[in-house]
Amino acid sequence: RKEVEQDPGPFNVPEGATVAFNCTYSNSASQSFFWYRQDCRKEPKLLMSVYSSGNEDGRFTAQLNRASQYISLLIRDSKLSDSATYLCVVNGRGTGGYNKLIFGAGTRLAVHP
Amino acid sequence: EPEVTQTPSHQVTQMGQEVILRCVPISNHLYFYWYRQILGQKVEFLVSFYNNEISEKSEIFDDQFSVERPDGSNFTLKIRSTKLEDSAMYFCASSRIPGGQYFGPGTRLTVT
């Protein structure tokens, strides 16, 4: 089983749509969870951390279900500028602690006029 | 807003040559990382560095790789003898505490 699994998409949505991405992770000991966005040939940019209670940042809402090892991201009122690849990321347990990030392969979103 | 910077943006080298990729992490950050992304693939962890020593490394980070913090601002990744399969985008990242990390713009390494 992949450590972090995402639907690769692409999700093609019109401006103003609501879109949801899901992700599952295999290591139940993971402690921190994030969504990053990555534009083509650019670096990953931290979008938001994900907390057990769920959290919102403007049009973006992230949820975590530890029992199901499932993370989601909801984007409301999609903008053209939201077009990117969304990376589900968890921290991995290693000998040095929980320092390393484990990335999913990403879900591609294309927002069209 | 503080940023992680990386140089060069693109490095072309011949197989067997040594390369050094440079990074300047965000100034008050204590944890430093290198990741790589082969074209079309996911981002992969290479190494983490804290308190002047490696705290974690992946299987990819073999004896050909080394990291150094030569002064108070730079963080470098050295590949001693490059192989074709080392061609990738190399990202440096930093964080103030373990957790969300901030990535630099990357160095595209092309090995010919």
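Residues numbered from 1 in each chain as written. Chains lettered and ligands numbered in written order. Predicted model: local features only at pLDDT ≥ 70, side-chain atom pairs only at ≥ 80, totals over all residues. Heavy atoms only, no water.

Participant: Please clarify how the sheet that holds strand S3 (residues 19-25) of chain A should be interpreted in this entry.
Facilitator: Adjacent strands of a sheet pair through backbone hydrogen bonds, lying either parallel or antiparallel. Residue and element names in this part refer to chain A. Sheet architecture is open: 5 strands sit in the order S1-S3-S8-S7-S6, paired in antiparallel fashion. Since the sheet does not close on itself, it has two edges, and those belong to strand S1 (4-6) and strand S6 (55-57), each with one partner. Strand-to-strand, the axes of this sheet are offset by a mean angle of 20 degrees, without reference to chain direction. Sheet topology note: the S1/S3 ladder contains 3 bridges and is antiparallel. For glutamate 5, the partnering residue across the bridge sits in S3 and is threonine 24. (Pairing = 2+ DSSP bridges. Helix = DSSP H or I, 4+ residues; strand = E, 2+ residues; numbered from the N terminus. Axes fitted to C-alpha atoms, helices over the stretch in contact; angles between N-to-C directions.)

Participant: It is not clear to me how the environment of B:Gln11 should be interpreted in this structure. Could you clarify?
Facilitator: Residue and element names in this part refer to chain B. As for its placement among the helices and strands, glutamine 11 is situated in strand S2 (residues 10-13). For the pair glutamine 11 and threonine 112, spaced 101 residues apart in the sequence, the C-alpha separation amounts to 11 Å. Excluding residues within four positions of it along the chain, glutamine 11 makes contact with Val19, Thr107, Arg108, Leu109 and Thr110. (Contact = heavy atoms within 4.5 Å.)

Participant: Teacher, can you tell me more about the side chain of B:Thr13 here?
Facilitator: You can see B:Thr13 is positioned in strand S2. If sequence neighbours within four positions are ignored, B:Thr13 has contacts with B:Val19, B:Thr82, B:Leu109, B:Thr110, B:Val111 and B:Thr112.

Participant: Just to check I follow, could you spell out the sheet that holds strand S1 (residues 5-7) of chain B for this structure?
Facilitator: Residue and element names in this part refer to chain B. The strand order across the open sheet built from 4 strands is S1-S3-S8-S7, with neighbouring strands paired in antiparallel fashion. At either end of the open sheet lies a strand with only one pairing partner, and these are S1 and strand S7 (65-68). In this sheet, adjacent strand axes meet at a mean angle of 20 degrees when their direction is disregarded. With 3 bridges connecting them, S1 and strand S3 (residues 19-24) associate as antiparallel partners. Following the sheet pairing, threonine 5 is matched in S3 by valine 24.

Participant: Quick question: what am I supposed to make of the pairing of strand S9 (residues 88-95) of chain B here?
Facilitator: Within a regular beta strand, the side chains point alternately toward one face of the sheet and then the other, so they alternate between its two faces. All names here are of chain B. Burial analysis of S9 places 8 of its 8 residues in the buried class, the great majority of the element. Burial along S9 is two-sided: Ala88, Tyr90, Cys92 and Ser94 and Met89, Phe91, Ala93 and Ser95, pointing in opposite directions, are all buried. Here S9 folds back onto strand S10 (residues 102-103) in antiparallel fashion, the turn holding 6 residues, of which glycine 99 has a positive phi close to 150 degrees. (Buried < 20%, exposed > 50% of the residue type's maximum accessible area, 1.4 Å probe, protein only.)

Participant: When you look at the pattern of salt bridges in this model, what are you seeing that I'm missing?
Facilitator: Side chains carrying opposite charge are able to pair once their charged atoms draw close together. Residues and elements named next belong to chain A. Counting across every chain of the model gives 6 salt bridges over all chains. Across the salt bridge formed by arginine 76 and glutamate 56, the nearest N and O atoms sit 3.6 Å from each other. One end of the pair, arginine 76, is in the loop between strand S8 (70-75) and strand S9 (84-94); the other, glutamate 56, is in strand S6, with 20 residues separating them in the sequence. Of the residues examined, glutamate 56 reaches a relative accessible area of 58% and is grouped as exposed. A salt bridge links aspartate 82 to arginine 59; the shortest N-O distance between them is 2.8 Å. With aspartate 82 in the loop between S8 and S9 and arginine 59 in the loop between S6 and strand S7 (60-65), this pair connects stretches of sequence that are 23 residues apart. Residue classification places aspartate 82 among the buried positions, given a relative accessible area of 2%. (Salt bridge = Lys/Arg side-chain N within 4 Å of Asp/Glu carboxyl O.)

Participant: Even after reading the chapter, I still don't get the interface of chain B and chain A, so can you show me in this structure?
Facilitator: Note: interface size is frequently given as the accessible area lost on complex formation between the parts. Taken together, the contact pairs 22 residues of chain B with 18 residues of chain A. When chain B packs against chain A, the two sides together hide about 1,700 Å² of surface, and 55% of this comes from carbon and sulfur. Among the residues of chain B in contact with chain A, B:Lys42, B:Glu56 and B:Phe103 are the three that bury the most area, contributing 29% of the side total. Connecting chain B to chain A are 0 salt bridges. Joining chain B to chain A, the criterion identifies 3 residue pairs in polar contact (both at pLDDT 80 or more). Mapped onto the side of chain B that touches chain A, the elements with two or more residues apiece are strand S4 (31-37), strand S5 (44-50), strand S6 (53-57), S9 and S10 of chain B. Among the elements that make up the side of chain B that touches chain A, the one with the highest residue count is S4(B) (4 residues). (Buried area = accessible area lost by both parts, 1.4 Å probe. Polar contact = N/O pair within 3.5 Å; in protein donor to acceptor, adjacent residues only side chain to side chain.)

Participant: Looking at this structure, I do not really get the nonpolar core. What am I missing?
Facilitator: Soluble globular proteins tend to pack their nonpolar side chains together in the buried interior. Counting 24 residues, the largest nonpolar core has A:Phe21, A:Trp35, A:Ile71, A:Leu73, A:Ile75, A:Tyr86 and A:Leu109 as its most contacted members. Where this core is concerned, the elements lending two or more residues are S3, strand S4 (33-38), strand S5 (44-50), S7, S8, S9 and strand S11 (107-112) of chain A. In terms of nonpolar packing, the next biggest core, distinct from the first, is built from 21 residues, B:Ile26, B:Phe65, B:Tyr90 and B:Cys92 among them. (Core = buried A, V, L, I, M, F, W, Y, C linked by side-chain atoms within 4.5 Å.)

The values reported here are purely geometric and, on their own, carry no functional implication.
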